[in-house]
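# Coordinate inspection notes
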Amino acid sequence: MLTTGQYLGSTGRLEAAVGTFEFTDDHEALRSTVRAFVEETFPEAQVRRLMAAPSALERPVWERMARELGLQGLVVPEEHGGAGAGPVELAIVLEEFGRRLVPVPFLSTALATIALTGGDRAVTSGHLEAVAEGRVVATVAVAEDDGGWDAAGVRCSAVGDGDGGGWRLTGTKSFVPDGLAADLLVVAARTEAGVGLFAVDGAADGVSRAALEVFDLTRRLARVRLDGVAATPLTAPADEAAFDRFLDAARIAVAAEQVGGADFTLAMAVGYAKERVQFGRAIGSFQAVKHLCADAFVDVESARSAAYYGAWAVAQDSPEVPTVAPLAKAFCSEAFFATARTNMQVHGGISFTYEHPAHLYYRRAKSGVQLWGSPRAHRDLLATRIGL
């Protein structure tokens, strides 16, 4: 649990060493609206249908999300057609999507939007408007075949295209979320000066994509090959600090989604423990099951503390972000996996059947432990950043 803050679930307050964050009425209204939309639009039957479909992206639903709820434009600045909200509001939406394993490419588009909002507005304004209007699905391509999600693992090369000021990217990206559906790719590539972020049209010459076999059937991943593809820099290629800021904000966004999954699996476990009767009493009355659920509750509340403190820190441009971001991602990944495992233990053998949803959350949690960087990698990063 974070030493810098404590989440108080009953009051919605986050006490921190540098201030106090409270969920406002607008925050609660946003959460309520998004939860109602998700429960209506993505019940388990619909999630399973999209899992089996050739693509989880259905344009009418995607466009409705943008037109009626403004979700894709949530963190897009108002001058580009968005709501101009911040990391805390995005974390609320991602938590609600994580609760229901929503398979549409919202997280990948949100991560790309974070990169776009941090880039050169002269370059990104058109992309931001298209995202806010629901005309574009975007994603980020950072990792390569070794699965590293940091600057050190970037081998995809970016070479200046003569005197015209353009760039050409060559290399292969792997584990790209929603890589087949994306119209716009935000690609991490290495120049002579360092690692930068580049915008690539998904339909550009030289882009080839292939689906990867996945453990989590609710999240599509792809391998993207770039063969001298035209690209536009979003950040100065020598500004690796901008790349690191993007990665930190992305880590916290992913952590928020994992909190939603953890919270829902805890509710599943507790609900079943109250209903399942053995030896004439509910299994939740047995001490061993009580301990499992109590430990899961502590994990979920601690994960929520970490994720929302991180979102708040990014919103405040706090100097703690480089410390909080890897910690939040590491802790929330492990908390979600531990809670999903507890949920399966409480349910017993039925949770292993394909018809039961518990294994879907387990798959999401297990894949999330490695996707966007493992807990060990993030703890190593944290140790480096604090000088250990």
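Small disclaimer: the values here were computed from a predicted structure and weren't measured.

Each helix and strand in the protein was counted, giving 11 helices and 12 strands. Computed over C-alpha atoms, the radius of gyration of the protein comes to 21 Å, within 12% of the 21 Å expected from 2.2 N^0.38 for 388 residues, which places it in the range of a compact globule. Referenced to the eigenvectors of the C-alpha coordinate spread, the extents of the protein come out at roughly 80 × 50 × 40 Å. Counted over contacts in the protein with a minimum sequence separation of 6, partners at least 24 positions apart contribute 72%. Approximately 16300 Å² of the protein is accessible, and the part contributed by carbon and sulfur atoms is 52%. Side-chain charges in the protein split into 36 positive and 48 negative, and the spacing between the mean points of these groups amounts to 7 Å.

What follows is about the packing of aromatic side chains. One pass over the structure, following the stated rule, counts 8 aromatic pairs. Between the aromatic rings of Phe264 and Tyr361, the centroid separation amounts to 5.3 Å while the plane-to-plane angle is 20°, which identifies the pairing as stacked. Of this pair, Phe264 sits in helix H7 (residues 240-275) while Tyr361 sits in helix H10 (residues 358-370), and the two are 97 residues apart along the sequence. Of the two residues, Phe264 and Tyr361, neither departs from the other in class, the shared state being buried. When the ring centre of Tyr354 is taken as origin, the NZ or CZ atom of Arg48, which lies over that ring, is 5.1 Å away.

Along the chain, Thr235 turns up in the loop between strand S10 (221-233) and H7. Under the relative-accessibility criterion, Thr235 is labelled buried at 10%. A distance of 3.4 Å separates the side chain of Thr235 from the backbone nitrogen of Leu197, its partner in a polar contact.

Further remarks concern the confidence of the model for the protein. For the protein, the mean per-residue pLDDT works out to 92, and 94% of the residues sit at or above 70. Note on residues 1-11: pLDDT is under 50 here. Beyond four places in sequence and across chains, it has 30 contacts.

Time to look at the nonpolar core. Of all hydrophobic cores here, the largest spans 90 residues; its most connected members are Met65, Phe97, Phe106, Leu111, Phe243 and Phe246. When residues of this core are assigned to their parent elements, the largest contribution, 13 residues, is made by H7. With near-sequence residues (within four places) excluded, Phe97 lies in contact with Val34, Val38, Met65, Leu71, Val102, Val104 and Phe106. Core analysis: the second largest hydrophobic core is formed by 17 residues, Cys156, Leu169, Val176 and Ala189 among them.

Parameters at a glance
Residues numbered from 1 in each chain as written. Predicted model: local features only at pLDDT ≥ 70, side-chain atom pairs only at ≥ 80, totals over all residues. Heavy atoms only, no water. Helix = DSSP H or I, 4+ residues; strand = E, 2+ residues; numbered from the N terminus. Rg over C-alpha atoms; globule rule 2.2 N^0.38 Å. Contact = heavy atoms within 4.5 Å. Areas by Shrake-Rupley, 256 points an atom, 1.4 Å probe, with all protein chains shown as cover. Lys, Arg positive; Asp, Glu negative; His and termini not counted. Charge placed at Lys NZ, Arg CZ, Asp CG, Glu CD. Phe/Tyr/Trp six-rings, centres within 6.5 Å; stacked < 30°, edge-to-face > 60°. Buried < 20%, exposed > 50% of the residue type's maximum accessible area, 1.4 Å probe, protein only. Lys NZ or Arg CZ within 6 Å of the ring centre and 35° of its normal. Polar contact = N/O pair within 3.5 Å; in protein donor to acceptor, adjacent residues only side chain to side chain. pLDDT = per-residue confidence, 0-100. Core = buried A, V, L, I, M, F, W, Y, C linked by side-chain atoms within 4.5 Å.

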